Amino acid sequence: MSARVVTISATFGAGGAVVGPAVAGRLGLPFVDRAIPERVAGEIGCTLEEALAHDGRAESGIGRILAGAARLPNVAMGGIDVYLPDRAIVPPEEFVEHTERVIHRTAESGGVLLGRAAVVVLAGRPDVLHVRLDGPRARRLELAAAEMPGPGQGSGAPGRDVERMLDGNDRARTAYVKHFYGADPADPRLYHLVIDTTRLPASTAVDLIVTAARAC
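Let me begin by describing the structure that accompanies this report.

Conventions used here
- Residues numbered from 1 in each chain as written.
- Predicted model: local features only at pLDDT ≥ 70, side-chain atom pairs only at ≥ 80, totals over all residues.
- Heavy atoms only, no water.
- Salt bridge = Lys/Arg side-chain N within 4 Å of Asp/Glu carboxyl O.
- Helix = DSSP H or I, 4+ residues; strand = E, 2+ residues; numbered from the N terminus.
- Buried < 20%, exposed > 50% of the residue type's maximum accessible area, 1.4 Å probe, protein only.
- Arc of directions from axis to C-beta.
- Contact = heavy atoms within 4.5 Å.
- Axes fitted to C-alpha atoms, helices over the stretch in contact; angles between N-to-C directions.
- Parallel < 35°, antiparallel > 145°, perpendicular 65-115°, else oblique.
- Left-handed = near helix turned anticlockwise from the far one by under 90°.
- Core = buried A, V, L, I, M, F, W, Y, C linked by side-chain atoms within 4.5 Å.

**Let's talk about the pattern of salt bridges**
Pairing between side chains becomes possible if they bear opposite charge and their charged atoms approach one another.
Reasoning step 1: Scanning all chains against the criterion turns up 16 salt bridges.
Reasoning step 2: The salt bridge partner of D33 is R116, with a shortest N-O separation of 2.9 Å. Of the two residues, D33 is situated in the loop between strand 2 (31-32) and helix 2 (35-44) and R116 in the loop between strand 3 (111-114) and helix 5 (118-121); the sequence distance between them amounts to 83 residues. As far as burial versus exposure is concerned, D33 and R116 are alike and both buried.
Reasoning step 3: Note that R132 is salt-bridged to D134, the shortest N-O span being 3.6 Å.
Reasoning step 4: For R132, a relative accessible area of 8% corresponds to the buried category.
Reasoning step 5: Given the relative accessible area of 21%, D134 is considered partly exposed.
Reasoning step 6: Taken together, the salt bridges that share partners define one network made up of R4, E108, R125 and D127.

Structure below.
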């Protein structure tokens, strides 16, 4: 047997956006990240930007992005400075409910899901492998700085902007899961596999996840 669904929870700088698509490619499954808020936005009739204001990158799901910063570049959004409106078009609970429906539908057909608290939403399903990518803050900060585009970035020397992004992302994603599900995404008991991707190359992490998925 093998897992038809893989959920990946990744802290900022832990390489989720690299590892996730690679795992999906190796397993022959679709990769689902930004597709969830796009599809949810279509269902509830709001724009993508409004949907992103409610997703796992928002601190409480209502008009907050990255720990209260009104404007902050986000690597997970392609390095673009995105403004998210400071108001909600739909109640946050309704947004979360629609997001969960998309996650469940994806699980029925199979896929690799990055973030969106999918580890909690799909907890208990026997056909799902839950993975956490993480590492010490200092090493994640170095990796994020090395990959960051723009003047002064890419040298591996973390700047204040990168630190703010890392800390904001970590707080935001943790707060989202805690607020709506009462869980801590850093709790290793939620996962079948926890990998320090600041020590292991992305290719090794992909190998480990693929092997574990095929062994489930």
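**Structural notes on helix 2**
Reasoning step 1: Those residues of helix 2 that fall on the buried side of the exposure criterion are I36, P37, V40, A41 and I44. For helix 2, the angular spread of the buried residues around the axis is 130 degrees, confining them to a single face.
Reasoning step 2: Looking at the buried side of helix 2, the elements it contacts are strand 2, helix 3 (48-52), helix 4 (92-109) and strand 3.

**Observations regarding the packing of helix 2 against helix 4**
Packed helix pairs are characterised by how far apart their axes lie and by the angle those axes make with each other.
Reasoning step 1: For the pair helix 2 and helix 4, interaxial distance at closest approach is 9 Å and the crossing angle is 120 degrees. Comparing their axes, helix 4 and helix 2 come out oblique. Relative to helix 4, the crossing made by helix 2 is right-handed. Across the interface between the two elements, I36, R39, V40, E43 and I44 from helix 2 touch E94, F95, H98, T99, V102, I103, R105 and T106 from helix 4.

**With respect to the nonpolar core**
Reasoning step 1: Ranked by size, the top nonpolar core spans 20 residues in total, and within it V6, V131, L133 and I209 carry the most contacts.
Reasoning step 2: Taken together, the elements giving at least two residues each to this core come down to strand 1 (5-10), helix 1 (16-27), strand 3, strand 4 (128-134) and helix 8 (202-215).
Reasoning step 3: Counting residues per element, this core draws most heavily on helix 8, at five residues.
Reasoning step 4: One finds I44, L113, V121 and L122 within the second-largest nonpolar core, a separate group that totals 17 residues.

Remember, this is a structural readout, not a statement about activity or role.
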